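# Working through the structure, step by step
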Protein chains: 2
Amino acid sequence: MQDVQTLVARYMDTFNETDSDRRRELLDALYTPDCTYTDPHVDLRGAAQIDGFIEQTQERFPGVAFTLASAIDAHHEQARFQWHAGTPDAPDAFVGFDVIVTDDGRIRSVYGFTDAGPAA
Amino acid sequence: MQDVQTLVARYMDTFNETDSDRRRELLDALYTPDCTYTDPHVDLRGAAQIDGFIEQTQERFPGVAFTLASAIDAHHEQARFQWHAGTPDAPDAFVGFDVIVTDDGRIRSVYGFTDAGPAA
C-alpha cells in the first residue's frame, strides 16, 4: 500500500501531467479499475474517462496548474484535502476539496466539492 | 429518492433517537443494506453496527445531542456538511464533518472526519 501522502501527491501530479502517454500511465497505476471520480461538474468511471477529463481541462485552461493547498487529513481508507487550480497570474482561481477513498493503496473513489471559484 | 436535505435531517435524527426500537427503524429506512460508516474512531458496516455505535455513544455521553452546523453542499449522489455534538452546557464540544454518498435515496457510505474536539 502506498503512503497516503504519496498517493495524494501523485493524484495532484496527474492533473498537471501534459504528456498524454505518461499521464495515462500515472492514472492506471493510481486508480483501481472500477474507480469513480465525481465533482460538481462530472461523474466519471475508470481511468480513461478521468484521463479525458484532465485533457479537456488542460485544453480549456492553458497553463493551468493544480497544487495541494492543505494538510492531508487521513484515517482508515479515506483522506480529505483542499487544492488550488489556476494559471500563473491567478494560481488559486479555483479552490477545490476532495475526499478520496482508497483500496489497497489505489484510489477507488474521489468525491469532489467546490470551495471557491468562478463556477461556485 | 428522498430529498438530500431530508436525508441529512434524518441522519442527524438517528444519533439523537434514544428509543432503541425507533432508532433501528430509522436506520433500516435510512441506509442501504451494505452501507458503511467510517469516522476516525470506527469502521462499521450495516445498520446493526451503526445502531450499536450510536447506543454506545449515547451511553458514554449522557444527554448528548447532535445538530447540523452548516449548509448541505450536495451534487450527484454525494453531500458534505458539518455537525456539532455535545451536552446542553457545551453543545459544540465536538465538531464533525461528513461526506455521505447515497444510492437511490438511501445512504450507502458515510466518510467522517473530525474538525474540532477533545479527541482531535
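Structure: see above.
Residues numbered from 1 in each chain as written. Chains lettered and ligands numbered in written order. Predicted model: local features only at pLDDT ≥ 70, side-chain atom pairs only at ≥ 80, totals over all residues. Heavy atoms only, no water.

## Topic: the overall build of chain A
- A count of helices and strands for chain A gives three helices and seven strands.
- Reading the secondary structure of chain A in the N-to-C direction produces α-α-β-β-α-β-β-β-β-β.
- Taking 120 residues into account, the globule formula puts the C-alpha radius of gyration at 14 Å, and chain A, at 13 Å, falls close to it.
- Here the C-alpha coordinates of chain A stretch approximately 40 × 30 × 25 Å along the principal axes.
- Counting all 120 residues of chain A, 47% fall into the buried class.
- In chain A, 40% of the contacts between residues at least 6 apart in sequence involve partners at least 24 apart.
- When the accessible surface of chain A is totalled, it reaches about 5,900 Å², and 48% of it is carbon and sulfur.
- Counting 9 positive and 21 negative side-chain charges, chain A places the centres of these two groups 4 Å from one another. (Helix = DSSP H or I, 4+ residues; strand = E, 2+ residues; numbered from the N terminus. Rg over C-alpha atoms; globule rule 2.2 N^0.38 Å. Buried < 20%, exposed > 50% of the residue type's maximum accessible area, 1.4 Å probe, protein only. Contact = heavy atoms within 4.5 Å. Areas by Shrake-Rupley, 256 points an atom, 1.4 Å probe, with all protein chains shown as cover. Lys, Arg positive; Asp, Glu negative; His and termini not counted. Charge placed at Lys NZ, Arg CZ, Asp CG, Glu CD.)

## With respect to the packing of aromatic side chains
- Inspection of every chain in the model, using the stated rule, returns 18 aromatic pairs over all chains.
- Here A:Phe97 and B:Phe97 contribute two aromatic rings whose centre-to-centre distance is 5.4 Å and whose plane-to-plane angle is 80°, an arrangement assigned as edge-to-face. Of this pair, A:Phe97 sits in strand β6 (residues 90-103) while B:Phe97 sits in strand β6 (residues 90-103), placing the two residues on different chains. Accessibility classification places A:Phe97 together with B:Phe97 in one group, the buried group.
- Through pairs of rings, three or more aromatic residues link up here, namely A:Tyr11, A:Phe15, A:Tyr37, A:Phe53, A:Phe66, A:Phe81, A:Trp83 and A:Phe94. (Phe/Tyr/Trp six-rings, centres within 6.5 Å; stacked < 30°, edge-to-face > 60°.)

## Things to note about the interface of chain A and chain B
- On the chain B side, the residues contacting the 21 residues of chain A number 21 residues.
- Across the chain A/chain B interface, buried area totals approximately 1,600 Å², and carbon plus sulfur atoms make up 60% of it.
- Summed over the three residues of chain A that lose the most area to chain B, namely A:Arg80, A:Tyr111 and A:Phe113, the buried surface amounts to 37% of that side.
- At the boundary of chain A and chain B, one finds two salt bridges.
- Taken together, chain A and chain B are joined by 14 residue pairs in polar contact (both at pLDDT 80 or more).
- Contributing elements (two or more residues each) for the side of chain A that touches chain B: β4 (73-75), β5 (78-87), β6 and β7 (106-116) of chain A.
- A total of six residues in the side of chain A that touches chain B trace back to one element, the largest contributor, which is β7(A).
- Its residues assigned to classes, the side of chain A that touches chain B shows eight nonpolar, seven polar and six charged. (Buried area = accessible area lost by both parts, 1.4 Å probe. Salt bridge = Lys/Arg side-chain N within 4 Å of Asp/Glu carboxyl O. Polar contact = N/O pair within 3.5 Å; in protein donor to acceptor, adjacent residues only side chain to side chain. Nonpolar A, V, L, I, M, F, W, Y, C, P; charged D, E, K, R; others polar.)

## Structural notes on the pattern of salt bridges
- As enumerated under the stated definition, the model contains ten salt bridges over all chains in all.
- Here A:Arg80 makes a salt bridge to A:Asp73, at a shortest N to O gap of 2.8 Å.
- The class for A:Arg80 is buried, based on a relative accessible area of 12%.
- Through salt bridges with shared partners, a single ionic network connects A:Asp73, A:Arg80 and B:Asp115.

## Considerations on the pairing of strand β7 (residues 106-116) of chain B
Residues and elements named next belong to chain B.
- Of the pairings in the sheet, the one linking strand β1 (residues 31-38) to β7 comprises four bridges and is parallel in character. Across the sheet, Tyr-37 pairs through a bridge with Val-110, a residue of β7.
- Sheet topology note: the β6/β7 ladder contains nine bridges and is antiparallel. Bridging across to β7, Asp-103 finds its partner in Arg-106.
- Linking β6 back to β7 in an antiparallel pair, the connection comprises two residues, with Asp-104 at a positive phi of about 55°. (Pairing = 2+ DSSP bridges.)

## A short note on the relation of the copies chain A and chain B
- When chain A is fitted to chain B, the best match, at an RMSD of 0.0 Å, comes from turning it 180° and sliding it 0.0 Å along the axis. What we have between these two chains is a two-fold relation. For chain A, the smallest separation between a C-alpha atom and the rotation axis is recorded for A:Val99, amounting to 3.9 Å.
- Both copies contact each other with a shared surface, as 100% of the interface residues of chain A are interface residues in chain B too. (Least-squares fit on C-alpha atoms with pLDDT ≥ 70 in both.)

## Description of a negative patch on the surface
- A contiguous patch of negative charge, built from A:Asp34, A:Glu77, A:Asp103, A:Asp104 and B:Asp43, is present on the exposed surface.
- Mapped onto the elements of the fold, A:Asp34 is located in strand β1 (residues 31-38).
- Taking relative accessible area as the criterion, A:Asp34 reaches 45% and is therefore assigned partly exposed. (Patch = residues over 30% accessible without salt bridge, like charges linked within 9 Å, V, L, I, M, F, W, Y side chains within 5 Å.)

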